[in-house]
Amino acid sequence: MCGIVAYIGQQEAYPILIKGLRRLEYRGYDSAGVAMMNGKLNVYKKKGKVDELVNFAENQDKTGTIGIAHTRWATHGEPNDKNAHPHAAEGEKLTIVHNGIIENYEVLKKALLKQGHIFKSDTDTEVLAHLIGEIKEREQLPIEEAVRLALNKVIGAYAIVVLDSDEPDKLVAARKSSPLVLGIGENEFFLASDASPIVEYTKKVVYINDEEIVVATKDGNFNLRNLRNEETEPRFHYLDMQIEMLEKEGYDYFMLKEIFQQPRSVADCMRGRLNAEKNWILLNDVENNLEKFLHANRIIFIGCGTSWHAGLVAEYLFEDIARIPVEVEYASEFRYRNPVIREGDIVIPISQSGETADTLAAIELAKQKGAFVYGVVNVVGSSIARTAHAGSYIHAGPEIGVASTKAFTGQLTLLTMMALYLGHRKGTISNDHYHRLLVEFSKIPDKIRQVLDYDKEIQAIAQQVRNAQNALYLGRGYNFPVALEGALKLKEISYIHAEGYPAAEMKHGPIALIDALMPVIVIATNKSAYEKIVSNIQEVKARRGVVIAIVTEGDQQIRRMADFVIEIPEVEEIFAPLISAVPLQLLAYHIAVMRGCNVDQLVI
Ligand code: M6R
């Protein structure tokens, strides 16, 4: 996941760019670079962390009030200095930073090589830089026009910012399927791949749309055109984000902060939408599209990773409570199949970032096939939020750690509200039952708080299993997707191989892997299948597996069998994932920290 920051205005660009790169560090990267314009173009780039770039540039000329910067996560070409961005062309006069992938770069490169271009890196981005430079020189065009013509030849995804020393008072940027935000200050502009590098300077932003080109100039003007060269109207948004939201606020890692934020983020998701006393749930866009939901033949949830797991929980919720048939699809599979979409189908993409390329592509396909698309998204103003026909935000606030935690519980909260509301409106649950569930549901933030109080106990268990090489997570019913989610958290941040399984499937293969070295994390809070879970634990113990059981407070039977027990408060089964996911997040977090992993970032 690459990051872009750019600045044009009256201030020195370099400190703004470096601070911006640090704000984007959370997603992980393998190299970083900056280019500043001050009469001439100075480009510095380095493999490794932003600190390495800063050291490298220490005694260099970094002056200039216009600049572009990038953190790279390698796609084309190995991570090294020469493949780091910015990439130059036209005799180093023009530089570019780019997120995304140019799919037809080999064809373009071949043609450019024939025209005598020489490439210094292995990247697709450098090809785009040369293409823009070639068109500009050959046709003698202003830089924005050369960018437009070049982008018309490109297949793939991009967010780019171009800095051209022939026109040193101008930044040209564009996007397709990769996010880009323009921040508007007093006679200054900021461009970034998300709002985090911008928010401390200005709250006024424009989210650049697909195939839009923005030109921002030093005299404080900007304009937008599409790839057909038609002027487009900017839509201004105001960021609802405070700078403290982007700080660790005393926690060692963002992930820990975000785990501990969950009582509040879940309550924020419910705020103004749920009133248990008065027996109502209100979700504006569901209400506005009620007929479609009430007559839906089928709901298809799509997402990736954790968001896909939230979709799996939604399958149980919507079928159980609202009696609507559900399918859950990986966005990456859905988009490359030829899925059958019929009239009356509703597609619900779920995404924290609102920018996941596979999910976006799946939405486009669903729309082409005539589906009504209802987005469940965290990041306000993100591409998925804007592309869906309607939707609801989960209001979890910025999720900076790479492991999705509060976004998962936010997604579950929102999807639970939807299922309950639709069940009530359809009459598939009685009014009394609805009321009882709403009362229980509104207690969830407090119950998450109680789970967080077990942090020290969970840390002690983590100490016992931190050297494991494999782990198995088991759950049934509503807790099955939580088992998948627990395993994903562990592998993502601690690099321990982990698998999630429906508990009953264990005997159909994975049981062969269990021995005294294998921690088996069993989510055993289900009332309905309690005896079955007990037998699963017995099967694991018979093979000397180390059982860590997540149980309901007061459970003595499993306590006697398991090696370690984590108690969580009792809840209705439909709310179980909201509670049982939390100890698994803490377990993964502590194991990863004990193993010396940087839990907030992807590995370099
Ligand atoms: O932003 P999205 O929710 O669309 O992202 C989808 C996945 O990439 C994401 O959930 C990923 O699996 C998490 N980092 C896992 O913790």
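Predicted, not measured: the structure shown is a model, and the values here were computed from it.

J.: I tried to follow the overall build of the chain on my own but got confused; where do I start?
T.: Scanning the chain from N- to C-terminus turns up 21 helices and 26 strands. A compact globule built from 604 residues would reach a C-alpha radius of gyration of about 25 Å, and the chain, at 26 Å, matches this within 12%. For the C-alpha atoms alone, the extent of the chain along its principal axes is close to 80 × 55 × 45 Å. A burial count over the chain gives 60% of its 604 residues as buried. Residue pairs in contact within the chain that sit at least 24 positions apart in sequence constitute 70% of those at least 6 positions apart. Accessible area of the chain: about 23,800 Å², with a carbon and sulfur share of 48%. Of the charged side chains in the chain, 66 are positive and 80 negative, and the gap between their average positions amounts to 2 Å.

J.: It is not clear to me how helix H7 (residues 262–270) should be interpreted in this structure. Could you clarify?
T.: An α-helical turn contains 3.6 residues, so a residue and the one three or four places further along point in the same direction. Every buried residue belonging to H7 is among Gln262, Pro263, Ser265, Val266, Cys269 and Met270, and all of these are buried. Check the buried side of H7 and you find it contacts helix H6 (254–260), strand S15 (274–275), helix H14 (406–426), helix H15 (431–441), helix H16 (444–452) and helix H21 (576–594).

J.: Would you mind showing me how to read the sheet that holds strand S8 (residues 170–176) here?
T.: Hydrogen bonds along the backbone pair up the strands of a sheet, which may run parallel or antiparallel. The antiparallel open sheet is built from six strands, whose spatial order is S5-S6-S7-S8-S12-S13. Pairing within the sheet leaves two strands with one partner each, and these edge strands are strand S5 (87–89) and strand S13 (222–226). Neighbour-to-neighbour, the strand axes of this sheet turn through a mean angle of 20°, independent of strand direction. The sheet contact formed by strand S6 (residues 94–99) and strand S7 (residues 158–164) spans six bridges and is antiparallel. Counted as the bridge partner of His98 is Ile160 from S7.

J.: Sorry, what's going on with the domain arrangement of the chain here?
T.: It is common to report an interface's size as the accessible area lost on association of the parts. Once the domains are mapped, the chain shows domain 1 (3–244), domain 2 (248–442) and domain 3 (452–604). At the junction of the two partners, domain 1 supplies nine residues and domain 2 supplies twelve residues. Buried surface at the junction of domain 1 and domain 2, both sides included, amounts to about 920 Å², of which 49% is carbon and sulfur. In this structure, the connection of domain 1 to domain 2 is made through three residue pairs in polar contact (both at pLDDT 80 or more). In terms of residue class, the side of domain 1 that touches domain 2 is built from five nonpolar, one polar and three charged.

J.: Even after reading the chapter, I still don't get the sheet that holds strand S19 (residues 345–351), so can you show me in this structure?
T.: Taking strand neighbours across the sheet as the criterion, the five strands line up as S18-S17-S19-S20-S21 in an open arrangement whose pairing is parallel. The open sheet has two edge strands with one neighbour each: strand S18 (326–330) and strand S21 (390–393). Between one strand axis and the next, the sheet turns through 20° on average, direction left out of account. One ladder, built from four bridges, connects S19 with strand S20 (residues 372–377); its direction is parallel. Pairing of Ile346 across the sheet is with Phe372, part of S20. Seen against the sheet, helix H10 (residues 305–322) touches strand S17 (298–303), S18 and S19 and runs at an angle of roughly 175° to S18.

J.: What is the right way to read the nonpolar core from this model?
T.: Nonpolar side chains in soluble globular proteins tend to end up buried together. Phe318, Met418 and Leu420 are the most contacted members of the largest nonpolar core, which totals 97 residues. In terms of residue count, the dominant contributor to this core is H21 (twelve residues). If you look at the next biggest cluster of nonpolar residues, it comprises 31 residues, including Leu21, Val50, Ile198 and Tyr207.

J.: Is there a simple way to explain the packing of helix H4 (residues 124–139) against helix H5 (residues 143–152) in this structure?
T.: Helices that pack against each other are described as a pair by the angle of their axes relative to one another and the distance between those axes. In the contact formed by H4 and H5, the axes pass within 8 Å of each other and the chain directions differ by 120°. It follows that H4 is oblique to H5 by the angle criterion. Crossing hand, H4 versus H5: right-handed. Counted together, Leu128, Leu131, Ile132, Ile135 and Lys136 of H4 and Ile143, Ala146, Val147, Leu149, Ala150 and Leu151 of H5 form the full contact between these two elements. Of the residues belonging to the contact of H4 with H5, the class tally is ten nonpolar, no polar and one charged.

J.: Hey, could you run me through the environment of Ile18 in this one?
T.: Locating Ile18 in the fold gives a position in helix H1 (residues 13–24). Ile18 gets classed as buried once you look at its relative accessible area, which sits at 8%. Sequence separation of Ile18 and Gly33 is 15 residues, and the distance between their C-alpha atoms is 9.2 Å.

J.: Where do I start with unusual backbone geometry in this structure?
T.: When glycine is set aside, most residues are seen to have a negative phi, and most peptide bonds are trans. Going from His85 to Pro86, the amide bond is cis rather than trans, its omega being 0°. In the Ramachandran plot, Arg544 falls in the positive-phi region, its phi being about 65° despite a non-glycine side chain. Counting through the fold element by element, Arg544 comes out in the loop between helix H19 (530–542) and strand S25 (546–552). What makes Arg544 exposed here is its relative accessible area of 65%.

J.: When you look at the site of the ligand in this model, what are you seeing that I'm missing?
T.: For the ligand, the set of nearby residues contains 14 residues, the closest of which are Ser307, Ser351, Ser353, Thr356 and Glu492. At 2.8 Å, a backbone N or O of Val402 approaches a nitrogen atom of the ligand. If the ligand stood free it would expose 410 Å²; the protein chains cover 82% of that surface. Residue assignment for the shell around the ligand shows that the elements contributing at least two residues are H10 and helix H18 (480–494). Residue composition of the shell around the ligand, by class: four nonpolar, eight polar and two charged. Two domains share the shell around the ligand, each providing at least three of its residues, namely domain 2 (248–442) and domain 3 (452–604).

What counts, and where the lines are drawn
Residues numbered from 1 in each chain as written. Predicted model: local features only at pLDDT ≥ 70, side-chain atom pairs only at ≥ 80, totals over all residues. Heavy atoms only, no water. Helix = DSSP H or I, 4+ residues; strand = E, 2+ residues; numbered from the N terminus. Rg over C-alpha atoms; globule rule 2.2 N^0.38 Å. Buried < 20%, exposed > 50% of the residue type's maximum accessible area, 1.4 Å probe, protein only. Contact = heavy atoms within 4.5 Å. Areas by Shrake-Rupley, 256 points an atom, 1.4 Å probe, with all protein chains shown as cover. Lys, Arg positive; Asp, Glu negative; His and termini not counted. Charge placed at Lys NZ, Arg CZ, Asp CG, Glu CD. Pairing = 2+ DSSP bridges. Axes fitted to C-alpha atoms, helices over the stretch in contact; angles between N-to-C directions. Domains from an automatic or database assignment. Buried area = accessible area lost by both parts, 1.4 Å probe. Polar contact = N/O pair within 3.5 Å; in protein donor to acceptor, adjacent residues only side chain to side chain. Nonpolar A, V, L, I, M, F, W, Y, C, P; charged D, E, K, R; others polar. Core = buried A, V, L, I, M, F, W, Y, C linked by side-chain atoms within 4.5 Å. Parallel < 35°, antiparallel > 145°, perpendicular 65-115°, else oblique. Left-handed = near helix turned anticlockwise from the far one by under 90°. Near = heavy atom within 4 Å.

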